[in-house]
There are 2 protein chains.
Amino acid sequence: MARQPITPTDSELQILSILWDLDPAPGSSHGSSHGLPTGTVRQVHAEITKHRPVGYTTVLKLLQIMLDKGLVLRDESERSHVYRPAVPRAKTQRRLTRDFIDTAFSGSAKSLVIEALGARRPSAEELADIRRLLDEMEGSK
Amino acid sequence: MARQPITPTDSELQILSILWDLDPAPGSSHGSSHGLPTGTVRQVHAEITKHRPVGYTTVLKLLQIMLDKGLVLRDESERSHVYRPAVPRAKTQRRLTRDFIDTAFSGSAKSLVIEALGARRPSAEELADIRRLLDEMEGSK
DNA sequence: TATTGTCAACGAAATGTTTCGTAGTTTGAT
DNA sequence: ATCAAACTACGAAACATTTCGTTGACAATA
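Reference entry: report on the structure contained in this document. Note that this is a predicted model, so its numbers are computed, not measured. (Residues numbered from 1 in each chain as written. Chains lettered and ligands numbered in written order. Predicted model: local features only at pLDDT ≥ 70, side-chain atom pairs only at ≥ 80, totals over all residues. Heavy atoms only, no water.)

1. Notes on the sheet that holds strand E3 (residues 82-85) of chain B
Each strand in a sheet pairs with its neighbour through backbone hydrogen bonds, running either in the same direction (parallel) or in the opposite one (antiparallel).
All names here are of chain B.
1) Next: Strand order in the open sheet formed by 3 strands is E1-E3-E2, and the pairing between neighbours is antiparallel. Two strands close off the open sheet at either side, each with one partner strand: strand E1 (39-40) and strand E2 (72-75).
2) Next: Relative to the sheet, helix H1 (residues 10-22) contacts E1, E2 and E3, its axis offset from that of E3 by approximately 100 degrees. (Pairing = 2+ DSSP bridges. Helix = DSSP H or I, 4+ residues; strand = E, 2+ residues; numbered from the N terminus. Contact = heavy atoms within 4.5 Å. Axes fitted to C-alpha atoms, helices over the stretch in contact; angles between N-to-C directions.)

Here is the structure:
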């Protein structure tokens with residue numbers, strides 16, 4: 001089984017984010033998530049227009065293209081088709097982060113971490129979480 | 001003075017990385033760096049073709065476009081023009097990281113840090129560096 | 001049943017990015 | 001002085017992305 005190396009564009013990523021947020025099974029400890037249903041074009045359009053003005057058919061077209069690319073799946077059993085992400089958020093974030101580290105930081109994760117801490121200051125609790133993760137990583141070497 | 005919010009494309013970023021590496025003054029503690037000279041089209045082309053095949057004039061054109069966009073500056077006093085980054089690496093990385101956090105991680109720096117640590121495992125020394133930075137950040141709250 | 005609203009499909013324009021061929025200039029050897 | 005090599009500039013093709021108008025199907029309602 002081959003992995004699809006298709007990277008979403010920024011617009012596509014925005015839509016994926018909305019779909020991931022709509023996903024009814026965000027919890028549960030196993031990786032895949034997915035409570036199946038998820039969003040219609042109208043729902044996605046409603047969310048997206050909170051941030052920037054864009055036509056309904058633009059969003060529709062985007063989702064159709066994303067279906068072609070294999071970024072989303074859809075259920076056509078109802079008149080209003082229901083779209084859902086083809087890949088879980090975590091997996092996509094991992095791929096994007098890997099690419100980003102390579103293109104913007106010459107492969108140095110450390111540099112990115114430092115930049116991230118400086119760019120959008122995490123709260124004290126978040127810092128504590130990060131520290132905890134570091135402990136784990138050093139512990140289980 | 002207004003800041004130019006021009007974001008380099010991936011190809012442009014690749015070229016910028018090469019120019020930053022060529023910059024003769026990477027050290028010194030003040031932010032701006034820049035020992036002025038830096039690279040010719042031929043140098044950039046030579047570097048870039050180590051990674052992927054691309055024509056000389058393609059690189060030339062890219063650099064001309066980047067000049068238009070204000071991403072690079074050039075010295076035309078010699079026949080072979082010499083290009084150098086208009087913005088220091090650190091500043092660009094900060095901007096890109098900010099954007100990336102917002103588009104891929106809904107604004108959560110913490111999430112990105114965690115992802116980065118998982119995506120490209122830093123070495124033990126690097127982890128120590130990160131831990132040191134965390135100490136500083138929590139110390140000077 | 002006629003009208004109005006909601007939807008998917010499609011085509012195509014507008015825009016942005018990447019690529020390279022060609023032309024013309026300058027430099028350095030024969 | 002001729003020729004070849006090394007450059008820049010420019011135009012335009014090839015792609016990819018984003019945007020939306022129009023069409024036709026279907027559904028709800030008057």
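Read on, since the account is not over.
2. Concerning the packing of helix H5 (residues 109-119) of chain A against helix H5 (residues 109-119) of chain B
1) Next: Contact geometry for H5(A) and H5(B): axes closest at 9 Å, N-to-C directions at 170 degrees. Taken together, the axes of H5(A) and H5(B) lie roughly antiparallel to each other. Contacts between H5(A) and H5(B) involve Ala109(A), Leu112(A), Val113(A), Ala116(A) and Leu117(A) from the first element and Ala109(B), Leu112(B), Val113(B), Ala116(B) and Leu117(B) from the second.
2) Next: Classifying every residue of the contact of H5(A) with H5(B) by side-chain character gives 10 nonpolar, no polar and no charged. (Parallel < 35°, antiparallel > 145°, perpendicular 65-115°, else oblique. Nonpolar A, V, L, I, M, F, W, Y, C, P; charged D, E, K, R; others polar.)

3. Let's talk about the protein's contact with DNA strand D
1) Next: The full set close to DNA strand D counts 23 residues, and Thr9(A), Gly55(A), Arg42(B), Tyr56(B) and Arg79(B) are the nearest of them.
2) Next: Sugar and phosphate atoms form 61% of the subset of DNA strand D atoms that lie within 4 Å of the protein.
3) Next: Separating a phosphate oxygen of DNA strand D from a side-chain N or O atom of Arg74(B) is a distance of 3.0 Å.
4) Next: Between DNA strand D and His81(B) there is a distance of 3.2 Å, counted from a phosphate oxygen to a backbone nitrogen or oxygen.
5) Next: With 6 residues, the top contributor of residues to the surface near DNA strand D is helix H3 (residues 56-69) of chain A.
6) Next: Partitioned by chemical class, the residues of the surface near DNA strand D number 6 nonpolar, 9 polar and 8 charged. (Near = heavy atom within 4 Å. Polar contact = N/O pair within 3.5 Å; in protein donor to acceptor, adjacent residues only side chain to side chain.)

4. A short note on unusual backbone geometry
Residue and element names in this part refer to chain A.
1) Next: Even without being a glycine, Ser106 presents a positive backbone phi close to 45 degrees.
2) Next: Relative to the elements of secondary structure, Ser106 occurs in the loop between helix H4 (89-105) and H5.
3) Next: Its relative accessible area of 56% is what places Ser106 among the exposed residues. (Buried < 20%, exposed > 50% of the residue type's maximum accessible area, 1.4 Å probe, protein only.)

5. Let's talk about the interface of chain A and chain B
1) Next: On the side of chain B, 42 residues touch chain A, which itself brings 41 residues to the contact.
2) Next: Counting each side, the surface lost to burial between chain A and chain B is near 4300 Å², with a carbon and sulfur contribution of 63%.
3) Next: Across the contact surface, chain A and chain B share 8 salt bridges.
4) Next: Of the charged contacts in the structure, one is a salt bridge between Asp135(A) and Arg131(B), with a shortest N-O distance of 2.9 Å.
5) Next: The tally of links from chain A across to chain B stands at 12 residue pairs in polar contact (both at pLDDT 80 or more).
6) Next: Looking at the side of chain A that touches chain B, the elements with two or more residues in it are helix H1 (10-22), H4, H5 and helix H6 (124-139) of chain A.
7) Next: Looking at the side of chain A that touches chain B, its residues break down into 21 nonpolar, 7 polar and 13 charged. (Buried area = accessible area lost by both parts, 1.4 Å probe. Salt bridge = Lys/Arg side-chain N within 4 Å of Asp/Glu carboxyl O.)

6. Considerations on the protein's contact with DNA strand C
1) Next: Contacts to DNA strand C come from 23 residues, most closely from Arg42(A), Tyr56(A), Arg79(A), Thr9(B) and Gly55(B).
2) Next: Expressed as a percentage, the sugar and phosphate content of the atoms of DNA strand C within 4 Å of the protein is 66%.
3) Next: Contacts to DNA strand C include Ser11(B), whose side-chain N or O atom sits 3.1 Å from a phosphate oxygen.
4) Next: One nitrogen or oxygen atom from the main chain of Gly55(B) is found 2.8 Å from a phosphate oxygen belonging to DNA strand C.
5) Next: For the surface near DNA strand C, the secondary-structure elements that each account for two or more residues are helix H2 (41-48) and H3 of chain A together with helix H3 (56-69) of chain B.
6) Next: Its residues assigned to classes, the surface near DNA strand C comprises 6 nonpolar, 9 polar and 8 charged.

7. Points about the pattern of salt bridges
1) Next: Evaluation of the coordinates by the stated rule reveals 20 salt bridges over all chains.
2) Next: The shortest N-O distance in the salt bridge between Asp21(A) and Arg89(A) comes to 3.0 Å. Of the two residues, Asp21(A) is situated in helix H1 and Arg89(A) in helix H4; the sequence distance between them amounts to 68 residues.
3) Next: Between Lys50(A) and Glu47(A) there is a salt bridge; the shortest N-O distance is 2.9 Å.
4) Next: What makes Lys50(A) exposed here is its relative accessible area of 61%.
5) Next: Judged by relative accessible area, Glu47(A) falls into the partly exposed class, the value being 30%.
6) Next: Overlapping salt bridges bring together Lys110(A), Asp129(B) and Arg132(B) as one network.

These results come straight from atomic positions and should not be treated as a statement about function.
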